[in-house]
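Remarks on the overall topology
The primary structure of each chain is shown beneath.
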Amino acid sequence: MSTTGRIHSWDLSTGVDGPGTRFALFVSGCPLRCLYCANPDTWHMRDGKEATVDEVLAEIDKYRAFVTTAGGGVTLTGGEPLLQPAFTGEILRRCRQTGLHTALDTSGFLGARATDELLADTDLVLLDIKSFDIGTYRRLTGGELAPTLSFATRLDRLGVPVWIRYVLVPGWTDDPEAVDGLAGFVAGLGNVGRVDVLPFHKLGAHKYEALGIPFPLRDTPVPDPGLTERVREQFRQHGLRAL
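Residues numbered from 1 in each chain as written. Predicted model: local features only at pLDDT ≥ 70, side-chain atom pairs only at ≥ 80, totals over all residues. Heavy atoms only, no water.

The secondary structure content of the chain amounts to nine helices and eight strands. A compact globule built from 243 residues should have a C-alpha radius of gyration of about 18 Å, and the chain, at 17 Å, falls within 12% of that. Projected onto its principal axes, the C-alpha positions of the chain cover 50 × 45 × 30 Å. Counting the 243 residues in the chain, one finds 51% classified as buried. For the chain, contacts bridging at least 24 residues in sequence account for 72% of all contacts bridging at least 6. Counting only carbon and sulfur atoms, one obtains 54% of the accessible surface of the chain, whose full area is about 10,600 Å². For the chain, the distance from the average site of its 25 positive side-chain charges to the average site of its 30 negative ones is 2 Å. (Helix = DSSP H or I, 4+ residues; strand = E, 2+ residues; numbered from the N terminus. Rg over C-alpha atoms; globule rule 2.2 N^0.38 Å. Buried < 20%, exposed > 50% of the residue type's maximum accessible area, 1.4 Å probe, protein only. Contact = heavy atoms within 4.5 Å. Areas by Shrake-Rupley, 256 points an atom, 1.4 Å probe, with all protein chains shown as cover. Lys, Arg positive; Asp, Glu negative; His and termini not counted. Charge placed at Lys NZ, Arg CZ, Asp CG, Glu CD.)

Below you can see the structure in the form of structure tokens.
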């Protein structure tokens with residue numbers, strides 16, 4: 001019997017959700033409330049659409065030739081896919097069994113819910129580390145940093161390939177000391193292929209309006225190219241490939 005979960009939507013993307021062209025499945029539900037979140041409409045599982053793994057795989061199969069020809073695969077994102085580990089794990093397993101490259105986009109906050117078997121079916125983890133400062137992380141996300149760092153070291157121990165994602169928010173995640181601390185931590189891992197420094201944007205602001213909730217960082221400026229390059233260079237100084 002096919003496992004059932006709740007999903008928000010799916011999309012095709014290139015260059016932002018892993019290598020090549022990806023079938024990105026947005027899974028519903030997230031335990032964090034990041035102030036810059038671009039997808040507040042994925043926060044609650046109850047707002048998602050119920051779907052079986054069979055139904056998801058049938059949708060993926062429609063685009064299999066396209067994504068594989070473009071060197072891509074399937075990425076589970078959200079929301080937080082590890083809020084529904086059984087559903088997520090079965091999708092990853094069945095995709096990988098049929099030769100599709102698999103990626104998991106996660107904050108790592110619920111990394112303890114990912115079994116070794118789930119991770120064995122994951123070709124790449126896109127690990128979002130929101131901040132390396134404990135206090136900033138808590139204020140920015142409503143959660144704790146420690147579970148993410150623990151998950152990062154576990155992925156290294158298991159040899160699961162990782163791309164680090166770091167959202168650059170002026171006044172929040174641009175502190176040079178905190179960036180340098182994160183870069184040093186990441187450089188100590190042996191499984192990180194690259195670091196994506198992602199400039200904060202406000203493309204999801206209209207979703208907050210539609211939901212009738214305030215966008216906390218409405219008045220926060222987007223980072224200028226000089227700041228973005230400075231942060232990328234800090235990662236490079238630790239021997240990391242930063243884009």
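Right, picking up where we left off after that structure.
In this structure, the largest pocket encloses a volume near 970 Å³. The set of elements that each furnish at least two residues to the lining of the largest pocket consists of strand 1 (4–14), strand 2 (21–27), strand 4 (73–78), strand 5 (101–106), strand 7 (162–168), strand 8 (192–199) and helix 8 (205–211). With four residues, strand 8 is the largest single contributor of residues to the lining of the largest pocket. Along the lines of polarity and charge, the residues of the lining of the largest pocket split into 16 nonpolar, twelve polar and eleven charged. (1 Å grid on protein atoms, 1.4 Å probe; cavity = no way out; pocket = protein on both sides within 12 Å on 5 of 7 lines; lining within 4 Å. Points joined across faces, edges and corners; volume = space filled by probe spheres on them. Nonpolar A, V, L, I, M, F, W, Y, C, P; charged D, E, K, R; others polar.)

Before going further, it helps to examine the side chain of Asp128. Mapping Asp128 onto the fold places it in strand 6 (residues 124–128). The buried charged residue Asp128 lacks any salt bridge, with Arg165 as its nearest oppositely charged partner at 4.2 Å. In this structure, Asp128 is in contact with Asp105, Thr106, Ser107, Thr148 and Arg165, ignoring residues within four places of it in sequence. (Salt bridge = Lys/Arg side-chain N within 4 Å of Asp/Glu carboxyl O.)

By size, the foremost hydrophobic cluster in this structure holds 66 residues, and its most contacted members are Ile91, Val195 and Phe235. If we ignore the near neighbours within four places in the chain, the residues touching Val195 are Ile164, Val186, Phe235, Leu240, Arg241, Ala242 and Leu243. (Core = buried A, V, L, I, M, F, W, Y, C linked by side-chain atoms within 4.5 Å.)

Right, let's talk about the environment of Phe235 for a bit. Relative to the elements of secondary structure, Phe235 occurs in helix 9 (residues 225–236). Residue class for Phe235 comes out buried when judged on its relative accessible area of 0%. The sequence separation of Phe235 and Asp196 amounts to 39 residues, and the corresponding C-alpha distance is 9.9 Å. Dropping the residues within four chain positions of it, Phe235 is found in contact with Tyr166, Val179, Leu182, Ala183, Val195, Val197, Leu240 and Ala242.

Another aspect to go through is the environment of Leu92. Structurally, Leu92 can be placed in helix 3 (residues 85–97). Ignoring sequence-local partners within four residues, the contact set of Leu92 consists of Leu76, Thr102, Ala103, Leu118, Asp121 and Thr122.

A few words now on the sheet that holds strand 4. Strand pairs in the sheet, formed through backbone hydrogen bonds, run parallel or antiparallel to each other. Sheet architecture is open: eight strands sit in the order 3-1-2-4-5-6-7-8, paired in mixed fashion. In this open sheet, the two edge strands, each paired with only one partner strand, are strand 3 (49–52) and strand 8. For this sheet the average axis-to-axis angle between neighbouring strands, irrespective of direction, equals 30°. Relative to strand 6, strand 5 runs parallel, the two being bridged by four bridges. When the bridges of strand 6 are listed, Thr106 appears paired with Leu127. Together, strand 1, strand 2, strand 3 and strand 4 form the strand contacts of helix 1 (residues 53–61), whose direction differs from that of strand 3 by roughly 85°. Helix 9 rests against strand 7 and strand 8 of the sheet, and its axis sits at about 160° to strand 8. (Pairing = 2+ DSSP bridges. Axes fitted to C-alpha atoms, helices over the stretch in contact; angles between N-to-C directions.)

Taken together, the side chains of Asp133, Asp175, Glu177 and Asp180 define an acidic patch exposed on the protein surface. As for its position among the elements, Asp180 is in helix 7 (residues 176–187). Of the residues examined, Asp180 reaches a relative accessible area of 34% and is grouped as partly exposed. (Patch = residues over 30% accessible without salt bridge, like charges linked within 9 Å, V, L, I, M, F, W, Y side chains within 5 Å.)

When the terminal C-alpha atoms of helix 9 are compared, their 16 Å separation across twelve residues agrees well with the 16 Å that a helix rising 1.5 Å per residue should span. Leu227, Thr228, Val231, Gln234 and Phe235 are the residues of helix 9 that are buried. Along the axis of helix 9, the buried residues cluster in a sector spanning 120°; they form a single face. Here the buried face of helix 9 lies against strand 7, helix 7 and strand 8. Sitting at the head of helix 9, Asp224 places a side-chain oxygen 3.0 Å from the backbone nitrogen of Gly226. (Expected span 1.5 Å × (residues − 1). Arc of directions from axis to C-beta. Polar contact = N/O pair within 3.5 Å; in protein donor to acceptor, adjacent residues only side chain to side chain.)

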